[in-house]
Each structure stands twice: as structure tokens, then as C-alpha cells.
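# Fold and geometry: a report
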Amino acid sequence: MPTDPMGEYKLAVRYIRERLGSEEHFPLGLVLGSGLGRLGDSMTDVVLIPFADIPGFGKPYYSGHRGNLLCGTFAGKRVVCLQGRLHYYEGYTFDQVILPIRVLRLLGVETLLITNAAGGINTGFAIGDIMLMLDHINLMGGNPMVGNQHPAFGQNFFDMGEAYSKRLLGIARKAAAEANITLREGVYIAVSGPSYETPAEIRAFRTLGADAVGMSTVPEVIAARHAGMEVLGLSLITNMAAGVTDAILTSEDVIEIGHARAAVMEQLAAEIVRGL
Ligand code: HPA
């Protein structure tokens, strides 16, 4: 274990900079969720570094996630992209889940566009809809900042009143309108998984004010806000949540809808990035 509390982050950053052969700063970061990794394929001038190569990074076990860090150009802007993420349900600690986000911060990221697959709780939603995350509810069972507050990133107690940037929400709404893409908006509730929810849980979550449910994103957003990044979250509704319809939930369907909607997600993300 490094004795410098920032050591684990610095090691990862040093390794990435070596592979890049540059000290370039990347003000924009992307995180690609389940089934959405293909967006990374449309980047150009890419340096691809497998998570497994980067000191301190875990490797996603789940087949819907590729687990690469990509530095390159997307929609005319320089970006650093996590093609896949680490999940709490894979057995990673919250520290491990948020390590890549802190590394992005050290690589220069100030604006973070984060995507995920989610189950629709709001009965007005349909499979394939894209939801702008207006806010979240953390029911994952823990906060990633517990015992993990490096002053180099941010303050101990920090505001979460605007977890999802109003400015970026405005840009996303405009981008969607210009690209003729219908957007839903709502609150994302995060659970640990890996089991899907029961119908009773979904009814309870609806009562709590949630519109979509997923197993990721919230720890990363907390870490990003701690470090002062501006965040935009997009959820792809890959299924209706348990009990909303009679369908049996499977991860294969989640991935399939991700692939089916990849082009639209990419078009929207590109339009948003151009609007930044
Ligand atoms: N529940 C939790 N996580 C999910 C779901 C769901 O229905 N769909 C995609 N991720």
C-alpha cells in the first residue's frame, strides 16, 4: 500500500500519462454504461488502455462492460472515456468503484457525462426511452465518501443540491430538440443489485419519487461532485422495472436494448458534446 494517501491515484495517472506519452488535460469525461460501450468505437485518435493494465483499477466481470480507458476525440472535442465501469455488485468496494472517477479528475476532467442502463418505474416510460437524470436517491447501502475523503479532491461535507448540473441539463434538452430525440426526465434510484427488484420494492420506490432504477452511477456522481465536477446523467430505459409488466428481467435484454439504441445514444451524446 502506498504511504502517500493520494499514492494510488497518482500511480494510475502516471501510468496513463506514460501510455499517452503526453501531459494533455482532458476537461471532458464520459462514462459508458451497460450495453453502451459502442459509443467509444466512434472516437478517433484513440489511445486505448485496458482497465486491467492500470494500477489500482479493477476489471469489470460483467460481459456488458468492456473495461477500457480511452483518450481521444469525440464530436470534435478531446475526451477521456471509461468504456465500462466497476460495480459494487461485482464485489468491488466503493473506494474501487470511484477510483476511476478520481483518476479522471486528475487527468483534468471538469465536466462528466455519465450513462447507465435502468429499469423504468414511471409507467409513462417505454423501453428504449432516454431519461435525463434530474436527481437521484441513494439506496445502495453506503456512501463512497465514508472514510475516503481526500482533501485534495474536496471538502468533508459537500452540497448535493445540484448533483446534476442545471446548465448541462439545459444543453442536453436543446441538443435533443435539435436532433429530434424525445427525452424523458426523472429521478434515478440506485440499489446494490445484483438481484433485480421485487414488484413490492418497485412500488415502494415509485412512492419515494423514483422514475428509474439501476445499480450504478450514484457512487460515481457523489465522487464527481465531491471533486467539483459538473455532471450530466443519461439513463437508457432498457426494461420496465419488476412488476410494471409481467416480463421476466434478464441482463441479456438490458444489453440488447443498449445495442439497439446505441446509435441514438451516440447521436445525442455527440450533439450534447458539440453544445458544451
Ligand atoms: N433494475 C436495476 N437495474 C437495472 C434494471 C432494473 O430493472 N435495468 C437495468 N439496470
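Described below are features of the structure shown in this document. (Residues numbered from 1 in each chain as written. Predicted model: local features only at pLDDT ≥ 70, side-chain atom pairs only at ≥ 80, totals over all residues. Heavy atoms only, no water.)

## Describing the environment of N143
Rules: Secondary structure follows DSSP: runs of H or I at least 4 residues long count as helices, runs of E at least 2 residues long count as strands, and numbering of each begins at the N terminus. Whether a residue is buried, partly exposed or exposed follows from its accessible area with a 1.4 Å probe, protein chains only, as a fraction of its type maximum: under 20%, in between, or over 50%, in that order. Contacts between residues were defined by any pair of non-hydrogen atoms, one from each residue, lying within 4.5 Å.
Secondary-structure assignment places N143 in the loop between strand 6 (130–138) and helix 3 (166–178). Here N143 falls in the partly exposed class, since its relative accessible area comes to 33%. Measuring from C-alpha to C-alpha, the distance between N143 and I222 comes to 8.0 Å, with 79 residues separating the pair along the chain. Discounting chain neighbours no more than four positions away, the residues touching N143 are F94, N138 and I222.

## Things to note about the pattern of salt bridges
Selection rule: We count a salt bridge whenever a side-chain nitrogen from Lys or Arg sits within 4 Å of a carboxyl oxygen from Asp or Glu.
Inspection of the entire model under this criterion finds 9 salt bridges. A salt bridge links R184 to D129; the shortest N-O distance between them is 2.8 Å. Of this pair, R184 sits in strand 7 (residues 183–190) while D129 sits in the loop between strand 5 (111–120) and strand 6, placing them 55 residues apart in sequence. Residue E185 is joined to R173 by a salt bridge in which the shortest nitrogen-to-oxygen separation is 2.6 Å.

## Focus: the site of the ligand
We apply this condition: Think of it this way: one heavy atom of a residue within 4 Å of a molecule or strand is enough to make that residue near it. For this analysis, a polar contact is any N or O atom pair within 3.5 Å, provided that within protein one partner can donate a hydrogen and the other can accept it, and provided that sequence-adjacent residues contribute only side-chain to side-chain pairs. In these tables, accessible area is a Shrake-Rupley quantity obtained with a 1.4 Å probe, and a residue counts as shielded only by the protein chains included in the view. With a 1 Å grid spanning the protein atoms alone, the term cavity applies to any set of points in which a 1.4 Å probe fits but cannot get out, the term pocket to an open set with protein on both sides within 12 Å along at least five of seven lines, and the term lining residue to any residue with an atom within 4 Å of a point. Assignment to a cavity or pocket requires that more than half of a molecule's atoms be within 2 Å of the site's grid points.
The full set of residues close to the ligand is A117, A118, G119, Y196, E197, V213, G214, M215, T238, N239, L249 and V254. In this structure, A117 approaches the ligand through a main-chain N or O atom, which is 3.4 Å from a nitrogen atom. One nitrogen or oxygen atom from the main chain of G119 is found 3.3 Å from a nitrogen atom belonging to the ligand. In the complex, 95% of the free accessible area of the ligand, which totals 260 Å², lies under the protein chains. Placement of the ligand is best described as lying within the largest pocket.

## Digging into the environment of L30
Considering the arrangement of structural elements, one finds L30 in strand 1 (residues 28–32). Given a relative accessible area of 2%, L30 falls into the buried group.

## Considering the packing of aromatic side chains
The criterion, for reference: The pairing test for Phe, Tyr and Trp rings, Trp by its six-membered ring, is centres within 6.5 Å, and the orientation test on the planes gives stacked under 30 degrees, edge-to-face over 60, and tilted for anything in between.
All told, the structure shown has 3 aromatic pairs when counted by the stated rule. Consider the rings of Y88 and F94, whose centres lie 4.2 Å apart with planes at 5°: the pair is stacked. Relative accessible area serves as the criterion here: at 11%, F94 is assigned to the buried category.

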